[in-house]
Amino acid sequence: MDKVFLLLVLLLTGTGLFMVASAGEVWGQFNYGNSFYFVERQALFAGVGLIAMSFFAKLPYLFWKQYASVGLAAAFLLLIAVLIPGIGMVRNGSQSWIGVGALSFQPSEWMKMALVFYLAAILSERKKVIHLFWKGLFTPLVTIGAAFGFIMLQPDLGTAAVMGGTAFLLLFSAGAPIRFFATIGALAISGLVLLIASAPYRIKRITAYLDPWSDPLGSGFQIIQSLYAVGPGGLFGHGYGESRQKYYYLPEPQTDFIFAIWTEETGFLGALWVIILFFLLIWRGIYIAMRLDDPFGTLLVFGLTGMLSLQSFINLGVVTGLIPVTGVTLPFLSYGGSSLTMTLLLAGIVLSTSRHMR
């Protein structure tokens, strides 16, 4: 397997454990009486994820093409189940979890993966008709729209945006005509405007993005506190473990805004380390995809790499105030069992395909 990609995955996972250990220290002590509460669980999830990565790295990647439709059907069933009262759990205003306590997971995480498998499988078989709407693009578009709709019923705009963006990257990689993207892009922007207008809290997020100081104790609170962490970090930061914003200023600093705490403690150099690791991981994923002779393998790796890159860019953009706040975690680094385990599983699939590079 590709040792460079593996090394980058291990470096990101290890960096994430350091980040969670510091960022979650105060909240762990306050809520659970244990300052190591979050990092202990993150280490457990990392162990499970690395075992899964090792297993899937050895599993022939064509397995995912054979069972892509089955995986997609299972993902839709889970998305339906999470909306049923008594089965789905509500966290942070979104009914997107199934399970009990630490054993819970987000079906939307599985749908992101399953949709990549399905699109890679169906688009690799339709290369000759990809320019035709009814024969080449209709079925993928209906599938993407249905998955997006179910996730928005939770609602979870951040996950839906990552999934939709990944799907269109796959369509572009498969050779869909440019005129198609112009039409769909216009429709997508119109739909996004309607979604934002239909929910008052989303409008508040847009106004907070434009002027966070218009509501500093409400919708603008998170981004202001995040910038208070990122800005004073300087070149070297305050020192590892010396964040001030994690002391109840920045809500749940170990999850979506963990990069802000890391930047506050390690400064520009620490932020640069993380950004370089992500860029190298994305480059290596594209490198692997372009050295595969199988169209399915190429689209599969493009899709998985694109999903990781989109999610990373969105999270880093939110933390630094470049885009409005959305609930998207930072792959490998943010605290969260289902997110970390699934990300490492994806890395295992990429490693499996890398065995067949020419």
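Residues numbered from 1 in each chain as written. Predicted model: local features only at pLDDT ≥ 70, side-chain atom pairs only at ≥ 80, totals over all residues. Heavy atoms only, no water.

What to know about unusual backbone geometry
Thinking step 1. The omega torsion across Gln154 and Pro155 is -10 degrees, close enough to zero to call that bond cis.
Thinking step 2. Relative to the elements of secondary structure, Pro155 occurs in the loop between helix H7 (133–152) and helix H8 (157–174).
Thinking step 3. The backbone of Tyr248 sits at a positive phi, close to 70 degrees, despite the residue not being glycine.
Thinking step 4. Looking at the secondary structure, you find Tyr248 in the loop between helix H11 (221–230) and helix H12 (258–290).
Thinking step 5. Since its relative accessible area comes to 46%, Tyr248 is described here as partly exposed. (Helix = DSSP H or I, 4+ residues; strand = E, 2+ residues; numbered from the N terminus. Buried < 20%, exposed > 50% of the residue type's maximum accessible area, 1.4 Å probe, protein only.)

A closer look at the pattern of salt bridges
Thinking step 1. What the rule picks out here adds up to five salt bridges.
Thinking step 2. Asp2 is paired through a salt bridge with Arg284; the nearest N and O atoms lie 2.8 Å apart. Highlighted residues: Asp2 in the segment before helix H1 (3–23) and Arg284 in helix H12, separated in sequence by 282 residues. As far as burial versus exposure is concerned, Asp2 and Arg284 are alike and both buried.
Thinking step 3. Residue Glu109 is joined to Lys112 by a salt bridge in which the shortest nitrogen-to-oxygen separation is 3.5 Å. (Salt bridge = Lys/Arg side-chain N within 4 Å of Asp/Glu carboxyl O.)

Side note on the nonpolar core
One broad trend across soluble globular proteins is that nonpolar side chains are buried collectively.
Thinking step 1. Judged by nonpolar contacts, the single largest core of 98 residues is most densely connected at Met111, Phe117, Leu119, Leu123, Leu171, Leu300 and Leu304.
Thinking step 2. It is helix H6 (residues 107–124) that contributes the most residues to this core, 13 residues altogether.
Thinking step 3. Residue contacts for Leu119: discarding those within four places in its chain leaves Ser124, Pro140, Ile144, Ala167 and Leu170. (Core = buried A, V, L, I, M, F, W, Y, C linked by side-chain atoms within 4.5 Å. Contact = heavy atoms within 4.5 Å.)

Here we look at helix H3 (residues 37–58)
Thinking step 1. Here H3 is 22 residues long and its end C-alpha atoms lie 33 Å apart, about the 32 Å a rise of 1.5 Å per residue gives.
Thinking step 2. Within H3 the residues assigned to the buried category are Tyr37, Phe38, Val39, Gln42, Phe45, Ala46, Gly49, Ala52, Met53, Phe56 and Ala57. The arc enclosing the buried residues of H3, seen along the axis, measures out at 145 degrees, which places them on a common side. Opposite its buried face, H3 presents the exposed residues Leu44, Ile51, Phe55 and Lys58, each directed more than 90 degrees away.
Thinking step 3. Packed against the buried residues of H3 are H1, helix H2 (25–32), helix H4 (62–66) and helix H14 (337–354). (Expected span 1.5 Å × (residues − 1). Arc of directions from axis to C-beta.)

Describing H11
Thinking step 1. Residues of H11 that are buried include every one of Ile223, Ile224, Gln225, Ser226 and Ala229, and no others.
Thinking step 2. Contact partners of the buried residues in H11: helix H10 (200–210), H12 and helix H13 (295–319).

What about a nonpolar patch on the surface?
Thinking step 1. On the surface, a nonpolar cluster with roughly 830 Å² of combined accessible area is contributed by Val4, Leu235, Phe236, Phe268, Leu269, Leu272, Ile276, Leu280 and Trp283.
Thinking step 2. Among the elements that take part in the nonpolar patch, H12 stands out by supplying six residues, more than any other.
Thinking step 3. Looking at where Val4 falls in the secondary structure, it is placed in helix H1.
Thinking step 4. Given the relative accessible area of 35%, Val4 is considered partly exposed. (Patch = residues over 30% accessible without salt bridge, like charges linked within 9 Å, V, L, I, M, F, W, Y side chains within 5 Å. Areas by Shrake-Rupley, 256 points an atom, 1.4 Å probe, with all protein chains shown as cover.)

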